[in-house]
Amino acid sequence: MAHEEVGWSYVNDVVYQNNPKDRNEAYSRMAPVYDVQMKNVGSVGNRGLVKVAFHLVKNDETSQMLDVAAGTGWTAEHFRDSGYVGQIDGIEMNAAMLDIARKRGLYRKTFCQEVVDDSPLPVADSTYDVAIAAGAFLENHLPQGCIPHILRALKPGGLLIFNCRITEKNSKYQMILRDLLALLVSENTIELVTEEKIDFYQSSCKEDGKPMKAFAFVYRKL
Ligand SMILES: C[S@@+](CC[C@H](N)C(=O)[O-])C[C@H]1O[C@@H](n2cnc3c(N)ncnc32)[C@H](O)[C@@H]1O
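Cut-offs used in this document
- Residues numbered from 1 in each chain as written.
- Predicted model: local features only at pLDDT ≥ 70, side-chain atom pairs only at ≥ 80, totals over all residues.
- Pairing = 2+ DSSP bridges.
- Helix = DSSP H or I, 4+ residues; strand = E, 2+ residues; numbered from the N terminus.
- Near = placed C-beta within 6 Å.
- Nonpolar A, V, L, I, M, F, W, Y, C, P; charged D, E, K, R; others polar.
- Buried ≥ 20, exposed ≤ 12 C-beta atoms within 10 Å, placed from the backbone.
- Right-handed = clockwise from strand over helix to strand, strands pointing away.
- Axes fitted to C-alpha atoms, helices over the stretch in contact; angles between N-to-C directions.
- Contact = placed C-beta atoms within 7 Å.
- Parallel < 35°, antiparallel > 145°, perpendicular 65-115°, else oblique.

## Things to note about the pairing of strand β7 (residues 211-221)
Bridge analysis of strand β5 (residues 154-165) against β7 gives seven bridges, and the strand direction is antiparallel. Pairing of Asn163 across the sheet is with Ala216, part of β7. Sheet analysis places strand β6 (residues 190-204) next to β7, joined by eleven bridges and oriented antiparallel. Looking across to β7, one finds that Ser204 is bridged to Pro211. Hairpin connection from β6 to β7: six residues lie between these consecutive antiparallel strands, with Gly209 at a positive phi of about 75°.

So this is what it looks like as structure tokens:
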């Protein structure tokens, strides 16, 4: 099997599970080979998101970032490689993925916990200058309703940065997400800083046989 076919079999295994328990088990299976398989399918969505947002982020030793659904720590690594010098905490529900992230030595604190829509994050309110979630706003991953909880963890003026894959399967999820964001904008809770289309996977994906794109969003908490 070609490299990218092997990679897609892992990606599809985690993306097409129907409940959190099965998805979590799929991530546990994938964790030891996650970085290699994501490279095999040309996963560039986290790097692209960091590129869109890096110049907007407060970057000094006092800056506090929360990496939501941190996985194996790729997004934090892209921030460090781009020159981010602040503190990074990570929250991730899969122990095997988080164990790899911790070993990268990029995080001050990590929390092995599921992010849900009906209870707050395990962090104090108004702590962070930046919250980033790469590759995790999709069905059966982060629930759209966790956004108010992430916002609570941000300081006023803090940035919420995330991407969301553009696929037929994710279109309903994305519509609900956009409705919630529009509501929060209309209530003056957040404002849109930028929305851009970025590459997500560079090899052909299962749904339409084309490289996948995503929207990259940056919102500011008001
Ligand atoms: C595609 S990976 C992306 C990881 C990382 N952000 C990156 O850019 O490489 C998605 C991660 O989200 C985690 N995840 C999914 N749903 C979650 C939830 N509700 N709470 C916390 N972590 C979650 C998964 O365990 C997995 O590690």
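## Quick notes on the site of the ligand
In the vicinity of the ligand, 18 residues are found, and the nearest of them are Asn46, Ala69, Gly71, Asn94 and Ala134. Among the residues making up the shell around the ligand, the classes are represented as ten nonpolar, six polar and two charged.

## Considerations on the pairing of strand β1 (residues 64-68)
Across the five residues of β1, five count as buried, placing the element largely inside the fold. In β1, alternate side chains face the same way, and those of Gln64, Leu66 and Val68 on one face and Met65 and Asp67 on the other are all buried. For β1 and strand β2 (residues 87-92), the ladder comprises five bridges, and the chain directions are parallel. By the bridge assignment, Val68 is partnered in β2 with Ile91. Following the backbone out of β1, through helix α5 (residues 74-82) and into the adjacent parallel β2, one traces a crossover that is right-handed.

## A few points about the sheet that holds strand β3 (residues 109-112)
Spatial ordering of the open sheet is given by β3-β2-β1-β4-β5-β7-β6, a layout of seven strands whose pairing is mixed. Only two strands of the sheet have a single partner each, and these edge strands are β3 and β6. Between one strand axis and the next, the sheet turns through 15° on average, direction left out of account. Across the face of the sheet, α5 comes into contact with β1, β2 and β4 (128-133) while running at roughly 165° to β2. In this fold helix α8 (residues 171-186) packs onto β5, β6 and β7, with an angle of close to 160° to the strand it touches most, β6.

## Here we look at the packing of helix α1 (residues 3-15) against helix α2 (residues 20-30)
Running from amino to carboxyl end, α1 crosses α2 at an angle of 155°, the nearest separation of the two axes being 8 Å. As the angle between them shows, α1 and α2 are arranged roughly antiparallel. On α2, the residues that touch Tyr10, Asp13 and Val14 of α1 are Arg23, Ala26, Tyr27 and Met30. Looking at the contact of α1 with α2, its residues break down into five nonpolar, no polar and two charged.

These figures capture arrangement, not role.
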